[in-house]
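Structure assessment
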Amino acid sequence: MLKGKKIAIIGGGKMGSIIAQGLLFQKIVPHKNIVITDIDAARLDFLGSSLKLRISNNNEKTVRNADIIILAVKPQNMAATLQEIKPAINKSKLVISIAAGITTNFIEKYLVKGVRVVRVMPNTPALVGEGTAAVAAGRFAKAGDVKLTRTIFNAVGVSHEVEEKLMDAVTALSGSGPAYFFLIIEALIEAGFKTGLSRELAKKLAVQTMLGAARLCLESDKEPAHLREMVTSPGGTTAAGLKVMEEKEIREIISAAIKAATRRSKELAKGK
Ligand SMILES: NC(=O)c1ccc[n+]([C@@H]2O[C@H](COP(=O)([O-])OP(=O)(O)OC[C@H]3O[C@@H](n4cnc5c(N)ncnc54)[C@H](OP(=O)(O)O)[C@@H]3O)[C@@H](O)[C@H]2O)c1
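The shown structure was predicted, so the numbers you read here are calculated from the model rather than taken from an experiment. (Residues numbered from 1 in each chain as written. Predicted model: local features only at pLDDT ≥ 70, side-chain atom pairs only at ≥ 80, totals over all residues.)

**Description of the overall build of the chain**
For the record, the criterion: Each helix is a run of H or I in the DSSP string that is no shorter than four residues. Each strand is a run of E no shorter than two, and both are numbered from the N terminus.
A tally of helices and strands in the chain yields 12 helices and eight strands. Viewed in the frame of its principal axes, the chain has a C-alpha envelope of about 70 × 40 × 35 Å.

**Observations concerning the site of the ligand**
The line we're drawing: Any residue whose C-beta atom, as set from the backbone, lies within 6 Å of a molecule or strand is reported as near that molecule or strand. Classification convention: Asp, Glu, Lys, Arg as charged; Ala, Val, Leu, Ile, Met, Phe, Trp, Tyr, Cys, Pro as nonpolar; all other residues, Gly among them, as polar.
What surrounds the ligand is a group of 29 residues, the closest being Gly11, Gly13, Met15, Ala99 and Ala100. If you list the elements that add at least two residues to the shell around the ligand, you get α1 (14-25) and α4 (78-85). In terms of residue class, the shell around the ligand is made up of 12 nonpolar, 11 polar and six charged.

**Some remarks on the packing of helix α8 (residues 177-194) against helix α9 (residues 199-219)**
Rules: Structural elements are reduced to axes, namely lines fitted to C-alpha atoms, with helices fitted over the stretch in contact, and the angle between N-to-C directions of any two is expressed from 0 to 180 degrees. Roughly parallel means an angle under 35 degrees; roughly antiparallel means over 145; roughly perpendicular covers 65 to 115; every other angle is labelled oblique. A clockwise turn of the near helix away from the far one marks a right-handed crossing, whereas an anticlockwise turn of less than a right angle marks a left-handed crossing. Residues are defined as contacting one another if the C-beta atoms placed from their backbone atoms lie within 7 Å.
Running from amino to carboxyl end, α8 crosses α9 at an angle of 140 degrees, the nearest separation of the two axes being 8 Å. Considered as vectors, α8 and α9 are oriented oblique to each other. In the crossing of α8 with α9, the sense of the turn from one axis to the other is right-handed. Here Phe181, Ile185, Leu188, Ile189, Gly192 and Phe193 of α8 come into contact with α9, specifically with Arg199, Ala202, Lys203, Leu205, Ala206, Val207 and Met210. For the contact of α8 with α9, the class distribution of residues is 10 nonpolar, one polar and two charged.

**A short note on the nonpolar core**
Condition: A set of buried residues qualifies as a nonpolar core if it consists of Ala, Val, Leu, Ile, Met, Phe, Trp, Tyr and Cys joined through C-beta atoms within 7 Å. Residue burial is a threshold on neighbouring C-beta atoms within 10 Å of the residue's own C-beta, all placed from the backbone, with 20 or more meaning buried, 12 or fewer meaning exposed, and counts in between meaning partly exposed.
By size, the foremost hydrophobic cluster in this structure holds 59 residues, and its most contacted members are Ile9, Ile19, Ile69, Ile70, Leu71 and Val95. The residues contacting isoleucine 9, other than those within four sequence positions of it, are Gly16, Ile19, Ala20, Ile34, Ile36, Ile70 and Ala72.

**Observations regarding the environment of alanine 133**
Checked against the element boundaries, alanine 133 lands in strand β7 (residues 131-137). Sequence separation between alanine 133 and isoleucine 253 is 120 residues; the distance between their C-alpha atoms is 24 Å. Setting aside residues no more than four positions away along its own chain, alanine 133 makes contact with Val120, Met121, Pro122, Phe153, Gly157 and Ser159.

**Describing the domain arrangement of the chain**
Just so we agree on the cut-off: For the domain bounds, the source is a domain assignment made automatically or taken from a database.
In terms of domains, the chain is made up of domain 1 (7-168) and domain 2 (177-269). The C-alpha-based centres of domain 1 and domain 2 are spaced at 32 Å. Domain 1 puts nine residues into the contact, and the matching count from domain 2 is seven residues. Looking at side-chain class alone, the side of domain 1 that touches domain 2 contains four nonpolar, four polar and one charged residues.

**Regarding the sheet that holds β7**
Strand pairs in the sheet, formed through backbone hydrogen bonds, run parallel or antiparallel to each other. Rules: What makes two strands pair is DSSP finding at least two bridges between them.
If you walk across this open sheet you meet the eight strands as β3-β2-β1-β4-β5-β6-β7-β8, and the pairing is mixed. Whereas interior strands pair on both sides, the edge strands pair on one side only; in this sheet they are β3 (55-56) and β8 (157-161). Examined bridge by bridge, strand β1 (residues 7-10) and strand β4 (residues 68-71) share four bridges and lie parallel to one another. Each bridged residue has a counterpart across the sheet, and for alanine 8 the counterpart in β4 is isoleucine 69. Lying over the sheet, α1 contacts β1, β2 (34-37) and β4, oriented at roughly 165 degrees with respect to β2. Packed onto the sheet, helix α7 (residues 167-175) meets β6 (116-121) and β7 and runs at close to 40 degrees relative to β6.

**Re the pairing of β2**
Applied cut-off: Seen with its strands pointing away from the viewer, a crossover is right-handed when the path leading from the first strand over the helix to the second is clockwise.
Of the two faces of β2, the one carrying Ile34 and Ile36 and the one carrying Val35 and Thr37 are both buried. Sheet analysis places β1 next to β2, joined by four bridges and oriented parallel. Residue pairing in the sheet places isoleucine 10 in a bridge with threonine 37 of β2. The parallel pair β1 and β2, bridged by α1, forms a crossover whose chirality is right-handed. For β2 and β3, the ladder comprises two bridges, and the chain directions are parallel. Bridge pairing in β3 places threonine 37 opposite serine 56. As for the winding sense of the linkage, the β-α-β connection from β2 through helix α2 (residues 41-49) to β3 is right-handed.

**With respect to the environment of phenylalanine 46**
Counting through the fold element by element, phenylalanine 46 comes out in helix α2. Judged by the 16 C-beta atoms lying within 10 Å of it, phenylalanine 46 is partly exposed. Taking C-alpha positions, phenylalanine 46 is 28 Å from lysine 93, a pair spaced 47 residues apart along the chain.

What follows is the structure in structure tokens.
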């Protein structure tokens, strides 16, 4: 499906470079068919010399030569970037944006009428092939465009098609999600240290436990609540730990965090 297609990644920051590397590592796209751009010369140098990516500092030219354009700049740089690439966009090209809070409608308004836009919310575990991406079609995008976009993001994880109105909620949950789990790992390391473990061992135990719990959840046909009950014998250690978590309202904390992140995504959409 991606055979022979040329991809331009505009914005070679964290996400842009993760996607480029994922596509190359998985051999989804040959090296000669991906070019990544950035406005920062030092960053470009790093992308070219350390990551061995094909680089350019010319957005317009790179877009002109590409079939698929992945917009990976910060939301606040999106308007300027769209102005810059506008002359090089025609309806034969597919535009994919990963910018938080930027709607397909916003992008369509800047570019040629009828342009096919797909919006994606990926996350950083894409770097290790374990990303989660939600994909939403813009007004003029066809089923094939969504399929092709999903092929790109399936190269670095798992993708799901959603309605665009759900993107703020997705951003709050899986876009920002890795940071929540890193925070939990940090807290487990500190807690383990306070109870006598070395930080190194606590980290190993915490990380592998998180990975194991996630895989169990993925591979089991049982609900998470059921899996939790399976480790919680009455009067046991897990029950004692969970009691404190419930008393301190961990569910309420998580719910409030997701609400705040969803709100922030909506604000970004309004340029705040
Ligand atoms: N990081 C995540 O976990 C994550 C998850 C999901 C979605 N996203 C989305 O992915 C996008 C990129 O995020 P990021 O974390 O990768 O940000 P980032 O590391 O700041 O990367 C953006 C890069 O684009 C460069 N840039 C700015 N304007 C440009 C232009 N006109 N042409 C070419 N390059 C330009 C920036 O350079 P300067 O730094 O010099 O401005 C920077 O190197 C954002 O829209 C974000 O919402 C990120």
